[in-house]
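What the coordinates show
Chain residues, written in single-letter form:
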Amino acid sequence: MINKKINHYQTIKQMPLEVRPRERLFHYGVNSLSDAELLAIIMGTGREGESVLGLSLTILSKFESLSLLSKASFQELMGINGVGKAKAAQVMAAFELGRRLTGSSPAKRIALSNPEDVANLLIPKMRHLEKEYFKALVLNVKNELLKETDISIGSLNCSIVHPRELFKAVIKYSGSGVIVAHNHPSGDPNPSKDDVLLTERLTKSAEILGIDLIDHVIIGDGEYASLKELGYF
């Protein structure tokens, strides 16, 4: 814990550099800071006659533990001299972020190993769309999905779906490969002549850029077609 002798400094600027919370964080890392120092950084300023570190110690002393402080209401925090709406909101927001992080778990990445995996992912989302959506499924080296993103919406043709926009997305999300997909609002997933021409154009661009164009999957109403499986590339 931080020594209470620092209370006689009225502002952070009056403190020696080596004991200022932010300076200590920069030089020694966030793990080196005490609870009072972390709270001081969150609040930013103290109150008349007392530094933010002194105010932090007062708050911690009142609530006895971080656990109890994390459950403090807006009114309880504002009941402390020097804690207004802004400081109370900052403290409550910091604890809420911590709770949300604790309650979350890393999302398991989806592996797209074949066209059926793509169809299972996209048919529920795309089978009833009234416009054609052209999507990029950006993958890592393990064929795990890094990002699903729309490249174009509307009529699908070679002029609207430009290779530049597709591969810019792959590079942006650090992908090593990409599966492209679009829907046919008619419900029939069989590729059109334009679909085949677009696939050929994208394949050539992918080869130049060194990006693996893994497949082009067309989504229909409960059905799908893979241009890779159909032998178009």
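Here is what the cut-offs are and how they apply
- Residues numbered from 1 in each chain as written.
- Predicted model: local features only at pLDDT ≥ 70, side-chain atom pairs only at ≥ 80, totals over all residues.
- Heavy atoms only, no water.
- Helix = DSSP H or I, 4+ residues; strand = E, 2+ residues; numbered from the N terminus.
- Buried < 20%, exposed > 50% of the residue type's maximum accessible area, 1.4 Å probe, protein only.
- Contact = heavy atoms within 4.5 Å.
- Phe/Tyr/Trp six-rings, centres within 6.5 Å; stacked < 30°, edge-to-face > 60°.
- Lys NZ or Arg CZ within 6 Å of the ring centre and 35° of its normal.
- Pairing = 2+ DSSP bridges.
- Axes fitted to C-alpha atoms, helices over the stretch in contact; angles between N-to-C directions.
- Expected span 1.5 Å × (residues − 1).
- Arc of directions from axis to C-beta.
- Polar contact = N/O pair within 3.5 Å; in protein donor to acceptor, adjacent residues only side chain to side chain.
- Parallel < 35°, antiparallel > 145°, perpendicular 65-115°, else oblique.
- Left-handed = near helix turned anticlockwise from the far one by under 90°.
- Nonpolar A, V, L, I, M, F, W, Y, C, P; charged D, E, K, R; others polar.

**Comments concerning the overall build of the protein**
In terms of helices and strands, the protein carries 9 helices and 5 strands. Here the protein holds 233 residues, and 39% of them are scored as buried. The contacts of the protein with a sequence gap of at least 6 include a subset with a gap of at least 24, amounting to 58%.

**Looking at the packing of aromatic side chains**
Aromatic rings in a pair are described by how distant their centres are and how their planes are angled relative to each other. One pass over the full model with this rule turns up 0 aromatic pairs. The side chain of Lys 62 reaches across the aromatic face of Phe 63, ending 5.9 Å from its centre.

**Quick word on the sheet that holds strand S3 (residues 177–183)**
Through backbone hydrogen bonds, the strands of a sheet pair up, either in parallel or in antiparallel fashion. Reading across the sheet, the 5 strands line up as S2-S1-S3-S4-S5 and stay open at both edges, with mixed pairing between neighbours. Lying at the two open borders of the sheet, with one neighbouring strand each, are strand S2 (145–153) and strand S5 (224–226). Each strand axis lies, on average, 20 degrees off the axis of its neighbour in the sheet, ignoring direction. With 7 bridges joining them, strand S1 (residues 133–139) and S2 adopt antiparallel strand pairing. Note on S2: the bridge partner recorded for Tyr 133 is Ile 153. This element, helix H8 (residues 163–172), spans S1, S2 and S3 of the sheet and lies at about 130 degrees to S3.

**Overview of helix H6 (residues 85–103)**
Counted at 1.5 Å a residue, the expected span for H6 with its 19 residues is 27 Å, and the 27 Å between its end C-alpha atoms agrees. The complete set of buried residues in H6 reads Lys 87, Ala 88 and Val 91. The buried residues of H6 occupy one face: seen down the axis, they fall within an arc of 105 degrees. H6 presents Lys 85, Ala 86, Leu 97, Arg 100, Leu 101 and Gly 103 as exposed residues on the side facing more than 90 degrees away from its buried surface. In this fold, the buried residues of H6 make contact with helix H2 (35–43), helix H3 (52–63) and helix H5 (74–78).

**Remarks on helix H7 (residues 115–126)**
Buried within H7 we find Pro 115, Val 118, Ala 119, Leu 121, Leu 122, Ile 123 and Met 126. A side-chain oxygen of the first residue of H7 lies 3.1 Å from the backbone nitrogen of Glu 116; this N-cap is Asn 114.

**Comments concerning the packing of helix H1 (residues 21–28) against H2**
Between two packed helices, what matters for the description is the angle formed by their axes and the separation of those axes. The interhelical angle for the contact between H1 and H2, taken along N-to-C directions, is 110 degrees, at an axis separation of 9 Å. Relative to H2, H1 is oriented roughly perpendicular. Classified by chirality, the crossing of H2 by H1 is left-handed. Facing Pro 21, Arg 22, Arg 24 and Leu 25 of H1, the residues of H2 in contact are Glu 37, Ala 40 and Ile 41. Taken together, the residues of the contact of H1 with H2 break down into 4 nonpolar, no polar and 3 charged.

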